[in-house]
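Per-entry structural report
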Amino acid sequence: METYYLWPILTVLIILGLSYRNRSSLDSEKFAEIALLSILTVQVGLGSLWAFLGHAFMPDVIATYIGWPTGSPFQLEVAFANLSFGVLGLLSWKFRGEFWMATIIGFSVFYLGAAYGHIMDALINLNYSPGNIGAPLYIDIVIPLLLILLLVYHRKFSRKSQG
């Protein structure tokens, strides 16, 4: 379950690598684009595909980690929601603009909703399992907020440079 740290670390390494590769033309707008592309591809794309694999093929292991009862058919639904965002995240490498915005909105609703669910589970059921109140909760909050802020910043500067 400690793979939750893998995706943010890999994302930061890719952002640093792409920033170095583009250092001659790197400004704040280009950096925001690199960060968005990296987070969408790695964290949303690969991270969501990884979550799909866990929920689909190791549901009891994942349920135990989160502190949920095992055997729930809802985990398969969560798996396919993650698969959807994994595909959208990977497609973000190819498609830009409004596609990024739609992917970020959908992903953010899903992840912030999951964060709400984890918090309510902790408050109501006293579920303080590491998979409920730990790295997954922080990632469920930080990644969507970071994507939203970067998208707003990127769109603001893209409009200024076009007009």
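Residues numbered from 1 in each chain as written. Predicted model: local features only at pLDDT ≥ 70, side-chain atom pairs only at ≥ 80, totals over all residues. Heavy atoms only, no water.

1. Some words on helix α3 (residues 59-66)
Along α3, the residues classified as buried are Ile 62, Ala 63, Tyr 65 and Ile 66. All buried residues of α3 lie within an arc of 160 degrees about the axis, which places them on one face of the element. Directly after α3, the chain includes Gly 67, whose backbone phi takes a positive value near 90 degrees. (Buried < 20%, exposed > 50% of the residue type's maximum accessible area, 1.4 Å probe, protein only. Helix = DSSP H or I, 4+ residues; strand = E, 2+ residues; numbered from the N terminus. Arc of directions from axis to C-beta.)

2. Topic: the packing of aromatic side chains
Applying the stated criterion across every chain yields a total of nine aromatic pairs. Summarising the aromatic geometry, the rings of Phe 52 and Phe 80 are spaced 5.7 Å apart at their centres and angled 50 degrees between planes, so their arrangement reads as tilted. Taken together, the residues Phe 52 in helix α2 (residues 28-57) and Phe 80 in helix α4 (residues 74-91) connect sequence positions 28 residues apart. The partly exposed category is assigned to Phe 80, whose relative accessible area is 43%. Members of the aromatic cluster, connected to one another through ring pairs, are Phe 85, Phe 107, Phe 110 and Tyr 111. Directly above the ring of Tyr 20 sits Arg 23, whose terminal nitrogen or CZ lies 4.1 Å from the centroid. (Phe/Tyr/Trp six-rings, centres within 6.5 Å; stacked < 30°, edge-to-face > 60°. Lys NZ or Arg CZ within 6 Å of the ring centre and 35° of its normal.)

3. Details of the side chain of Asn 132
Relative to the helices and strands, Asn 132 is located in the loop between α5 (98-125) and α6 (135-162). The class of Asn 132 is buried, set by a relative accessible area of 0%. The contacts of Asn 132, once residues within four sequence positions are left out, are Tyr 65, Ile 66, His 118, Asp 121, Ala 122, Asn 127 and Leu 137. (Contact = heavy atoms within 4.5 Å.)

4. Re the nonpolar core
A general tendency of soluble globular proteins is for nonpolar side chains to be buried together. Counting residues in hydrophobic clusters, the biggest one holds 20 residues, and the most contacted among them are Leu 36, Phe 107 and Leu 147. Of all the elements in the fold, those that place two or more residues in this core are α1 (6-21), α2, α5 and α6. The biggest single contributor to this core is α2, with eight residues. (Core = buried A, V, L, I, M, F, W, Y, C linked by side-chain atoms within 4.5 Å.)

5. Quick word on the confidence of the model for the chain
Keep in mind that low pLDDT regions are not for reading the predicted coordinates in detail. Taken over all residues, the pLDDT of the chain has a mean of 93, while the share at 70 or more is 96%. The spread of mean pLDDT over the elements of the chain runs between α6, the lowest at 89, and α5, the highest at 97. (pLDDT = per-residue confidence, 0-100.)

6. Digging into the environment of Phe 107
Its location among the elements puts Phe 107 in helix α5. On the accessibility criterion, Phe 107 (1% relative accessible area) is buried. C-alpha separation for the pair Phe 107 and Val 42, spaced 65 residues apart in sequence, amounts to 13 Å. Excluding residues within four positions of it along the chain, Phe 107 makes contact with Val 44, Ser 48, Phe 85, Ile 143, Pro 144 and Leu 147.

7. Let's talk about the packing of α1 against α2
Across the interface, α1 lies against α2 with an axial gap of 9 Å and an inter-helix angle of 150 degrees. In terms of orientation, α1 and α2 fall into the roughly antiparallel class. Judged by the sense of rotation from one axis to the other, the crossing of α1 with α2 is right-handed. From α1, Trp 7, Pro 8, Leu 10, Thr 11, Ile 14, Ile 15, Leu 18 and Ser 19 reach across to α2, where they touch Phe 31, Ile 34, Ala 35, Ser 38, Ile 39, Val 42, Gln 43, Leu 46, Gly 47 and Trp 50. For the contact of α1 with α2, the per-class residue count stands at 13 nonpolar, five polar and no charged. (Axes fitted to C-alpha atoms, helices over the stretch in contact; angles between N-to-C directions. Parallel < 35°, antiparallel > 145°, perpendicular 65-115°, else oblique. Left-handed = near helix turned anticlockwise from the far one by under 90°. Nonpolar A, V, L, I, M, F, W, Y, C, P; charged D, E, K, R; others polar.)

8. As for α1
Its 16 residues give α1 an end-to-end C-alpha distance of 22 Å, which sits within 8% of 22 Å, the value for a rise of 1.5 Å per residue. For α1, every residue scored as buried is listed here: Trp 7, Thr 11, Ile 15, Leu 18 and Ser 19. Within α1, the buried residues cover an arc of 100 degrees as seen down the axis, which keeps them to one side. Away from the buried face of α1 by more than 90 degrees, exposed residues Ile 9, Leu 13, Leu 16, Tyr 20 and Arg 21 are located. Among the structural elements, α2 are those in contact with the buried residues of α1. (Expected span 1.5 Å × (residues − 1).)

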